Amino acid sequence: MSTFKAPKGTYDLLPPESAKYLAVREAIAAPLRNSGYGYIETPGFENVELFARGVGESTDIVTKEMYVFETRGGDRLALRPETTASVLRAVLEANLHKAGNLPVKVWYSGSQYRYERPQKGRYRHFSQVGAEAIGAEDPALDAELIILADQSYRALGLRNFRILLNSLGDKECRPVYRAALQDFLHGLDLDEETLRRAEINPLRVLDDKRPEVQKQLTGAPLLGDYLCDACKAYHEEVRSLLLAQGVTFEDDPKLVRGLDYYTRTTFEFVHDGLGSQSAVGGGGRYDGLSEMIGGPSLPSVGWALGVDRTVLALQAEGIEPDIPSATSVFAVPLGEEARRILFAKVTELRKNGVAADFAYGGKGLKAAMKAANRSGARYALVLGERDLAEGVVQLKDMESGEQTAVGVNEIVAELESRLG
Ligand code: HAM
């Protein structure tokens, strides 16, 4: 072991486990690629102001969890705690919204950083795959995104997840509700910090997990009862589009997200096998974010699914994602001459698209066959002194144990035909 360890709240993805993470990312990305979403990549850090304004000055993410630093040049940057604000910044900067093809639909995959109290499912470095549809107000777009997330989880084999759905209203009706909720909260017995939160962001108080707070919240006004007609109609349409596609969800009038930019549709995917960190993904509409960061009005909607928690959800359901064996053929040379010949064969196989590996380091037969076994290869190629003299190589089927001698010049074609 070296003197160093991975920083607190982080962990390394190592083979063979790491293949699961790739499989999850791929399963989430596939339906997006299939639905008109183009790949976008933005920097891992941004001007700190982008997140302060976008995610919200009163959120835990901005006040407590951002990794903020000053560069040698004096810029104040933050490691991205999420990617929606970055994506919108990038779209505006490149004027993609002016290309006349709205909505701009993009997906991303990458690291996020939040200085949180680490526990199972909650890390300081984690990874998301996300999708954003920018510049259109259309309930079908909200429904599309929810359906695509549902589809990726089902494709992975997950069953024990639920979709929680809510509407947070818009700039017409939310302020009215906010005032009503504040009135209600003022009458409660709350501690200093919660009272302060009630001033800055009263909706967040609804999300308080403490039983003594939750008990007092029965009878709190619900946003659903305050939605304006336009928001109500929009939400009804999202709901009925989902129901028509057979996507079941639970109406959760108390669902509040941890970011301030949301308007109207909000949703969370929760998994019941994960304990307290049960949200495997979440998102919603953010019609005001563009203006909050200095852009034009661009109503938008998106989500991000947590890769780490999705892998935990697979474990909780005992699902092994379908991961094809990394190696199909493993070559075992015995001696110098055999090494040169088999190395050439392995290179040729690889060029032809066959996944092949090699016993490096001059191992003896026993150790090399162990390595062949561990690689998961379907076939081993063994080339010894006598084989060399006869111009053959031993082809061993690792499943049946059956071994046949094949001419050195025929071996690549033979393997290709056997592997289909
Ligand atoms: P979020 O709910 O903050 O939303 O994060 C989305 C998902 O990332 C969570 O549901 C969870 O699975 C995962 N996640 C968040 N924090 C952690 C953590 N500390 N450790 C492990 N996993 C975590 C957003 O980030 C929004 N940008 C989503 C969005 C996109 N809204 C609109 N467009």
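Residues numbered from 1 in each chain as written. Predicted model: local features only at pLDDT ≥ 70, side-chain atom pairs only at ≥ 80, totals over all residues. Heavy atoms only, no water.

Points about the domain arrangement of the protein chain
Put simply, the test is: The domain boundaries here were taken from an automatic or database domain assignment.
Each assigned domain of the protein chain is listed with its residue range as follows: domain 1 (18-173 + 227-316) and domain 2 (329-419). Measuring from the centre of the C-alpha atoms in domain 1 to the corresponding centre in domain 2 gives 48 Å.

With respect to the site of the ligand
Keep this limit in mind: Any residue with at least one heavy atom within 4 Å of a molecule or strand is counted as near it. Two N or O atoms count as a polar contact when they lie within 3.5 Å, although within protein this holds only if one can serve as hydrogen donor and the other as acceptor, and sequence-adjacent residues are included solely when both atoms are side-chain atoms. Surface exposure here means Shrake-Rupley accessible area, sampled with a 1.4 Å probe, where a residue is shielded only by the protein chains that are shown. The helix count covers DSSP runs of H or I at least four residues long, the strand count covers runs of E at least two residues long, and both are numbered beginning at the N terminus.
Taken together, 26 residues lie near the ligand, and Glu 82, Glu 116, Tyr 123, Glu 132 and Tyr 262 sit nearest. Within the side chain of Thr 84, a nitrogen or oxygen atom sits 2.8 Å from a nitrogen atom of the ligand. The side chain of Tyr 262 places a nitrogen or oxygen atom 2.6 Å from a nitrogen atom of the ligand. If the ligand stood free it would expose 660 Å²; the protein chains cover 96% of that surface. Of all the elements in the fold, those that place two or more residues in the shell around the ligand are strand 6 (125-134), strand 10 (279-285) and strand 11 (300-306).

A short note on the packing of aromatic side chains
Note the following rule: Centres within 6.5 Å make a pair out of two Phe, Tyr or Trp rings, where for Trp the six-membered ring is used; the pair is then stacked when the planes are under 30 degrees apart, edge-to-face when over 60, and tilted otherwise. Only protein chains enter the accessibility calculation, which uses a 1.4 Å probe. A residue is then buried if its area is under 20% of the maximum for its type, exposed if over 50%, and partly exposed in between. Here, over-ring charges are defined by two tests on the NZ atom of lysine or the CZ atom of arginine: distance to the ring centre within 6 Å, and angle to the ring normal within 35 degrees.
By the definition in use, this model includes 14 aromatic pairs. Measuring from ring centre to ring centre gives 4.8 Å for Tyr 261 and Tyr 262, while their planes differ by 65°; the resulting arrangement is edge-to-face. By relative accessible area, which is 2% here, Tyr 261 ends up buried. Taking relative accessible area as the criterion, Tyr 262 reaches 4% and is therefore assigned buried. It is Arg 124 that lies over the ring of Tyr 115; its NZ or CZ is 3.9 Å from the centre. Seen from the ring of Tyr 234, Arg 264 lies directly overhead, with NZ or CZ sitting 4.8 Å from the centre.

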